[in-house]
Every structure is written in C-alpha cells, then in structure tokens.
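# Residue-level structural notes
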Amino acid sequence: MRPLLFTVLLLLLLFGNGFAAYKLFTAPQEITASNPKVTTFALQLLQWLPVVNIAAIAGMFFWQKWAAILVLLLGVFVLYLDIRYQIRHHIYVALPSLLIMAYFIRRYWGWFR
C-alpha cells in the first residue's frame with residue numbers, strides 16, 4: 001500500500017504543476033511583467049517544465065525510478081531558473097517541495113523499480 005503522506009504530496013504536486021502549466025500558457029504576460037529578466041526562451045522552458053513534471057509525477061505513482069530521478073532533476077533545474085531569472089516568489093515553494101520530495105524518494109527508494 002502506498003504511504004498516505006507520499007500520496008498526498010504527489011497529488012499536491014500534480015495540482016500545483018497543473019495550475020502552473022495553466023497560468024504559464026494562458027497568461028504568460030503576467031510572468032514577463034512581474035519578472036522582466038525572463039526571456040522568450042526562458043518563458044517557453046517555464047511553460048513546458050510543469051507539463052514534463054506532471055508526466056514524471058504520474059510515473060512516480062507507479063513507482064518508476066526514471067520518474068523519481070526526473071522529478072528531482074526538474075526540481076533542481078526549476079530552482080536554477082528561479083535564481084537565474086530572479087523569480088523570487090517561486091523559490092519559497094520550489095525549494096521546500098524539492099527537499100520534501102527528495103526525502104520521500106530516499107525513504108522509499110527500495111519501492112521504486
């Protein structure tokens with residue numbers, strides 16, 4: 001049986017990434033207006049990262065190792081983009097999410113295949 005807190009975290013990440021993808025695709029001008037350093041290329045990266053992350057989180061529901069590794073790599077890459085383009089308001093969500101996810105992945109690594 002899947003651990004409850006891990007399942008809750010995965011669901012929260014799915015909803016959060018779904019909302020992020022929705023906002024980034026429907027209102028990109030809000031991102032560029034509040035973060036003037038974000039280039040067109042960076043905006044396109046930011047738009048597609050939550051989509052890829054949703055696929056990776058879905059893979060984690062099935063205990064796939066590739067998905068766990070991809071979620072961690074994407075989390076680090078998002079932090080890099082947040083720092084690089086000074087998207088300060090997102091770091092407060094991205095960093096704790098990454099650390100909590102890393103904890104759960106490490107704790108349940110033996111469950112992944």
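Heads up: these notes are all about the structure in this document.

The rules we used
- Residues numbered from 1 in each chain as written.
- Predicted model: local features only at pLDDT ≥ 70, side-chain atom pairs only at ≥ 80, totals over all residues.
- Heavy atoms only, no water.
- Helix = DSSP H or I, 4+ residues; strand = E, 2+ residues; numbered from the N terminus.
- Rg over C-alpha atoms; globule rule 2.2 N^0.38 Å.
- Buried < 20%, exposed > 50% of the residue type's maximum accessible area, 1.4 Å probe, protein only.
- Contact = heavy atoms within 4.5 Å.
- Areas by Shrake-Rupley, 256 points an atom, 1.4 Å probe, with all protein chains shown as cover.
- Phe/Tyr/Trp six-rings, centres within 6.5 Å; stacked < 30°, edge-to-face > 60°.
- Lys NZ or Arg CZ within 6 Å of the ring centre and 35° of its normal.
- Core = buried A, V, L, I, M, F, W, Y, C linked by side-chain atoms within 4.5 Å.
- Expected span 1.5 Å × (residues − 1).
- Patch = residues over 30% accessible without salt bridge, like charges linked within 9 Å, V, L, I, M, F, W, Y side chains within 5 Å.
- Salt bridge = Lys/Arg side-chain N within 4 Å of Asp/Glu carboxyl O.
- Polar contact = N/O pair within 3.5 Å; in protein donor to acceptor, adjacent residues only side chain to side chain.

To continue, consider the overall build of the chain. Looking only at helices and strands, the chain features five helices and zero strands. Element order for the chain, N to C, with α for helix and β for strand: α-α-α-α-α. Relative to the globule expectation of 13 Å for 113 residues, the C-alpha radius of gyration of the chain, 14 Å, shows essentially globular dimensions. Taken across its 113 residues, the chain has 39% of its residues classed as buried. Within the chain, residue pairs in contact and separated by at least 24 positions form 66% of the contacts whose partners lie at least 6 positions apart. Accessible area for the chain stands at about 7100 Å²; split by element, carbon and sulfur atoms hold 72% of it.

Moving on, we get to the packing of aromatic side chains. With the rule as written, the count across this model stands at 13 aromatic pairs. Plain terms: the ring middles of Trp63 and Trp111 are 5.1 Å apart, the flat faces sit at 50° to each other, and that makes the pair tilted. You can see Trp63 sitting in the loop between helix H3 (40-61) and helix H4 (65-84) and its partner Trp111 sitting in the segment after helix H5 (88-107), a full 48 residues away along the chain. Site record: aromatic cluster; members linked through ring pairs are Phe6, Trp63, Tyr103, Phe104, Tyr108, Trp109, Trp111 and Phe112. Sitting over the face of the ring of Tyr85, Arg84 holds its NZ or CZ atom 4.8 Å from the ring centroid.

All right, on to unusual backbone geometry then. At Trp63, a position not held by glycine, the phi torsion is positive, near 60°. Positive phi outside glycine occurs at Gln86, with the angle close to 55°. Within the secondary structure, Gln86 is located in the loop between H4 and H5.

Okay, the nonpolar core next. Phe6, Leu10, Met60, Met101 and Phe112 are the most contacted members of the largest nonpolar core, which has 17 residues in total. Look past the residues within four positions of Phe112 in its chain and what remains in contact with it is Phe6, Met60, Trp63, Gln64, Lys65, Ala68 and Ile105. Leu24, Leu79, Ile87 and Ala94 belong to the second-largest nonpolar core, a separate cluster that totals 15 residues.

Attention shifts here to H3. Between its first and last C-alpha atoms H3 spans 33 Å; for 22 residues at 1.5 Å apiece the expected length is 32 Å, and the two agree. For H3, every residue scored as buried is listed here: Ala42, Leu43, Leu46, Gln47, Leu49, Pro50, Asn53, Ala56, Ile57, Gly59, Met60 and Phe61. Here the buried face of H3 lies against helix H1 (4-26), helix H2 (28-34), H4 and H5. Immediately downstream of H3, the backbone of Trp63 shows phi near 60°, a positive value.

Attention now moves to a nonpolar patch on the surface. Among the surface-exposed residues, Leu4, Val8 and Leu12 lie close enough to one another that they form a single nonpolar patch of about 310 Å² accessible area. Here Leu4 shows up in helix H1.

As a further point, take the environment of Asn53. Tracing the backbone shows Asn53 in helix H3. You can call Asn53 buried: its relative accessible area is 14%. In this structure, the C-alpha to C-alpha distance between Asn53 and Val71, residues 18 residues apart in sequence, is 6.2 Å. Non-local contacts of Asn53, meaning those with residues more than four positions away in its chain, are made with Asn17, Val71 and Leu74. A distance of 3.2 Å separates polar atoms of two side chains, one belonging to Asn53 and the other to Asn17.

Function cannot be read off these values alone, since they describe shape.
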